[in-house]
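Summary of the model geometry
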Amino acid sequence: MRTTVPVTTEISHPLFARFYTWFSQVLDRRGLAGQREALLAGLSGRVIEVGAGNGLNFRHYPPSVTGVLAVEPEPRLRAAARRAAEAAPVRIEVGGGLAERLPAAGGRFDAAVVTFVLCSLPDPGAGLREIRRVLAPGGRLRFLEHVRAGGAGWARAQDLLDATVWPRLTGGCHTGRDSVAAIEAAGFTIESLDRFVFACGVRGPISLCGPISFCVRGVARR
């Protein structure tokens, strides 16, 4: 008798989801909203957003976008994204699913969007290859990610955090991944890349942004 193992399409991080909802809104007010707007400027056609979080990108989609499939595996963030979709300027369908198993046919989308997602995927390469699968030939990947620091001091601190407490506290996030290299390794060609340090000004016992201040925004072609 064959036993069917259910396929998991959700990842539950209730405490982190609450924290992320607050923290992401703080960062947007301190300047990250402008980076989201720049990321999505000029997009057109059919778009898939992978790891949509609480939907803070949605209000920045230009009217040239004909529709968005927004995939978010965390149920609390997905519920917030559905509320955000109701006020979006374009049609957005929010559903569950994992980056490694996107609920879409191959070659369906003109563009894909990831925003602070590659840091938390268990296998970024697998997720990126799946994104590449659902993109049409010549389709673009728009990405906004925090990455490994250029300086040795911060890079060592990121390594220490990633090997200890950070992923456990932040839903699997890793502070020091080289996401640009991962994008290229998955078969994409980088067309544009902007590196910047985002100083959010949110402080506690240590700066809440320090390890994740080193960011990239760019476009890659399938």
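To keep things clear, this report deals only with the structure shown in the data block. (Residues numbered from 1 in each chain as written. Predicted model: local features only at pLDDT ≥ 70, side-chain atom pairs only at ≥ 80, totals over all residues. Heavy atoms only, no water.)

**A few points about the overall build of the chain**
For clarity, the cut-off: Per the convention used, a helix needs a DSSP run of H or I reaching at least four residues, while a strand needs a run of E reaching at least two, with both numbered from the N terminus. Here the radius of gyration uses the C-alpha set of atoms, whereas the globule reference equals 2.2 Å times the residue count to the power 0.38. Throughout this description, buried means an accessible area under 20% of the type-specific maximum (1.4 Å probe, protein chains only), exposed means over 50%, and partly exposed covers the range between. We call two residues contacting when some pair of their heavy atoms lies within 4.5 Å. Note on areas: Shrake-Rupley with a 1.4 Å probe; residue coverage comes only from the protein chains shown.
In terms of helices and strands, the chain carries six helices and seven strands. Going residue by residue from the N terminus, the α and β elements of the chain occur as α-β-β-α-β-β-α-β-α-α-α-β-β. Taking 2.2 N^0.38 as the reference for a compact globule, 222 residues should give roughly 17 Å; the C-alpha atoms of the chain span a radius of gyration of 17 Å, in line with that estimate. Out of the 222 residues in the chain, the part that is buried amounts to 54%. The long-range fraction of contacts in the chain, counting pairs at least 24 apart against all pairs at least 6 apart in sequence, stands at 72%. Carbon and sulfur atoms form 55% of the exposed surface of the chain, whose accessible area is close to 10,600 Å².

**Observations regarding the sheet that holds strand β4 (residues 109–115)**
Going by this rule: DSSP bridges decide pairing: two strands pair if at least two such bridges lie between them. Note on method: axes are straight lines fitted to C-alpha atoms, helices fitted across the in-contact stretch only, with angles between N-to-C directions ranging 0 to 180 degrees.
Strand order across the open sheet formed by seven strands is β3-β2-β1-β4-β5-β7-β6, with mixed pairing between neighbours. Looking at strand neighbours, the two that pair on one side only are β3 (92–95) and β6 (189–197), the edges of this open sheet. For this sheet, the mean inter-axis angle between neighbouring strands, taken without regard to orientation, is 15°. Here six bridges tie strand β1 (residues 45–50) to strand β2 (residues 65–71), and the two strands are oriented parallel to one another.

**Re the packing of aromatic side chains**
Applicable threshold: Each pair of aromatic rings taken from Phe, Tyr and Trp, with Trp reduced to its six-membered ring, is defined by centres within 6.5 Å and is described as stacked if the planes are under 30 degrees apart, edge-to-face if over 60, and tilted in the remaining cases.
All chains considered together, the criterion is met by six aromatic pairs. Seen from their ring centres, Phe16 and Tyr20 are 5.8 Å apart, and the 40° between their planes marks the pair as tilted. Within this pair, Phe16 and its partner Tyr20 are both found in helix α1 (residues 14–40), separated by four residues, close to a single helical turn. Among the aromatic residues, ring-to-ring pairing joins Phe16, Phe19, Tyr20, Trp22 and Phe23 into one connected group.

**Here we look at unusual backbone geometry**
Positive phi is not limited to glycine here, since Phe116 has a value of about 55°. With respect to the helices and strands, the residue Phe116 is situated in the loop between β4 and α3 (124–134).

**Details of the state of the cysteines**
Under the convention used in this document: Only a pair of cysteine sulfur atoms within 2.5 Å qualifies as a disulfide here.
Scanning the entire structure with this criterion turns up zero disulfides. Cys119 supplies the cysteine sulfur nearest to Cys173, a cysteine that is in no disulfide, at a spacing of 3.8 Å.

**Notes on the pattern of salt bridges**
It is possible for side chains of opposite charge to pair when their charged atoms get near one another. What counts is decided by this rule: Whenever a carboxyl oxygen of Asp or Glu lies within 4 Å of a side-chain nitrogen of Lys or Arg, that contact is scored as a salt bridge.
On inspection of all chains with the given rule, the structure shows seven salt bridges. Glu130 is the salt-bridge partner of Arg133, the closest N and O atoms lying 2.8 Å from each other. Of this pair, Arg133 and Glu130 both sit in helix α3, separated by three residues, roughly a single helical turn. The residue Asp194 makes a salt bridge to Arg217 at a minimum N-O spacing of 3.5 Å. Of this pair, Asp194 sits in strand β6 while Arg217 sits in strand β7 (residues 214–221); the two residues are 23 residues apart in sequence, bridging distant segments of the chain. Here Asp194 falls in the partly exposed class, since its relative accessible area comes to 31%. Several salt bridges share partner residues, and in doing so they unite Arg140, Glu191 and Arg221 into one network.

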